[in-house]
Amino acid sequence: AVDLMVDIGWQTFASVSPIVSRLADVSMQQGSTSQVAFVVGDNDTTLASLTFSFDSSNAGLIDQSGLNVTGSGVARTLNITPVASATGNAGITITVSDGVNTVSESFQLSVTNTPPSVAIDAPLNNASFTMTDSIQIQGSAIDAEDGDISTGLLWSSSIDGNLGVGSLIIQT
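Residues numbered from 1 in each chain as written. Predicted model: local features only at pLDDT ≥ 70, side-chain atom pairs only at ≥ 80, totals over all residues. Heavy atoms only, no water.

Student: Account for the nonpolar core, naming residues and giving values.
Tutor: Grouped burial of nonpolar side chains is what soluble globular proteins tend to show. Counting residues in hydrophobic clusters, the biggest one holds 22 residues, and the most contacted among them are Leu78, Ile80, Phe107 and Leu109. If you list the elements that add at least two residues to this core, you get strand S2 (26–29), strand S3 (34–41), strand S6 (75–80), strand S7 (88–97) and strand S8 (102–112). With sequence-adjacent residues up to four places away left out, Phe107 is seen in contact with Leu23, Ala24, Asp25, Val26, Leu78, Ile80, Ala90, Gly91 and Ile92. Of all hydrophobic cores here, the second largest spans six residues; its members include Ile137, Ala141, Leu153 and Ile169. (Core = buried A, V, L, I, M, F, W, Y, C linked by side-chain atoms within 4.5 Å. Buried < 20%, exposed > 50% of the residue type's maximum accessible area, 1.4 Å probe, protein only. Helix = DSSP H or I, 4+ residues; strand = E, 2+ residues; numbered from the N terminus. Contact = heavy atoms within 4.5 Å.)

Here you go:
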């Protein structure tokens, strides 16, 4: 194809840098995986021959094993898996090379703490009580980093204020 272009008088370039689309900043929760779609191109190298490398400004948050590219042709996906239990921010740079020229694109990654999962186990919804009943209030809370944190539940009422602390309280 290049010989034909030269034969009909078109200009060709000996080597052109690959291109990569802009990557938007990413915010994700700890313990999850994120995927970022992007587009690559190169006028003088087959897309299957392009190579990808990565750099993170915070290896404690995201290391080389947590970044990889899938897909083929122009449509690619950057898969992001942070270090287990890590939170924070990092600058991520993806570099695309055709073996001669390179191009880089950067974005900011923010990994936030996963909130605890909290459940009220008792009383059941729509339960009825009289003024003289003792009421057992029970709940559970699980945190990704700290495990069972049910003993730290703080119970309060919009009428009576603070009711107590713990996974089980009895209100009379």
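Student: Any chance you could break down the sheet that holds strand S4 (residues 51–56) for me, citing the residues and the numbers?
Tutor: Taken in spatial order, the four strands of this open sheet run S2-S8-S7-S4, and their pairing is mixed. The strands lining the two open edges of the sheet, one partner per strand, are S2 and S4. Mean inter-strand twist for the sheet, computed between neighbouring axes without regard to direction, equals 30 degrees. With four bridges connecting them, S2 and S8 associate as parallel partners. (Pairing = 2+ DSSP bridges. Axes fitted to C-alpha atoms, helices over the stretch in contact; angles between N-to-C directions.)

Student: Describe the pattern of salt bridges, listing the residues and the values that go with them.
Tutor: Counted according to the given criterion, the structure contains one salt bridge. Here Arg22 makes a salt bridge to Glu105, at a shortest N to O gap of 3.8 Å. On the criterion of sequence distance, the pair formed by Arg22 in the loop between strand S1 (19–20) and S2 and Glu105 in strand S8 is long-range, its members being 83 residues apart. The exposed category is assigned to Arg22, whose relative accessible area is 72%. A relative accessible area of 11% places Glu105 in the buried class. (Salt bridge = Lys/Arg side-chain N within 4 Å of Asp/Glu carboxyl O.)

Student: Describe the sheet that holds strand S5 (residues 67–72), with residues and values.
Tutor: A sheet is described by the order of its strands in space; here four strands give the open sequence S1-S3-S6-S5, paired in antiparallel fashion. The outermost strands of the open sheet, each flanked by one partner alone, are S1 and S5. Note that S3 and S6 share six bridges and pair antiparallel. Bridge pairing in S6 links Ala37 to Thr77.

Student: Outline the environment of Phe54, supporting the account with residue identities and numerical values.
Tutor: Its location among the elements puts Phe54 in strand S4. A C-alpha to C-alpha distance of 9.0 Å links Phe54 and Val96, two positions 42 residues apart in sequence. With sequence-adjacent residues up to four places away left out, Phe54 is seen in contact with Gln64, Leu67, Asn68, Val69, Leu78, Thr93 and Ile94.

Student: Summarise the environment of Ala86; cite the residues concerned and give the values.
Tutor: Structurally, Ala86 is set in the loop between S6 and S7. Between the alpha carbons of Ala86 and Ile62 there is a distance of 8.4 Å; along the sequence they are 24 residues apart. For Ala86, the contacting residues outside a window of four places in its chain are Gln30, Gly60, Leu61 and Val111.

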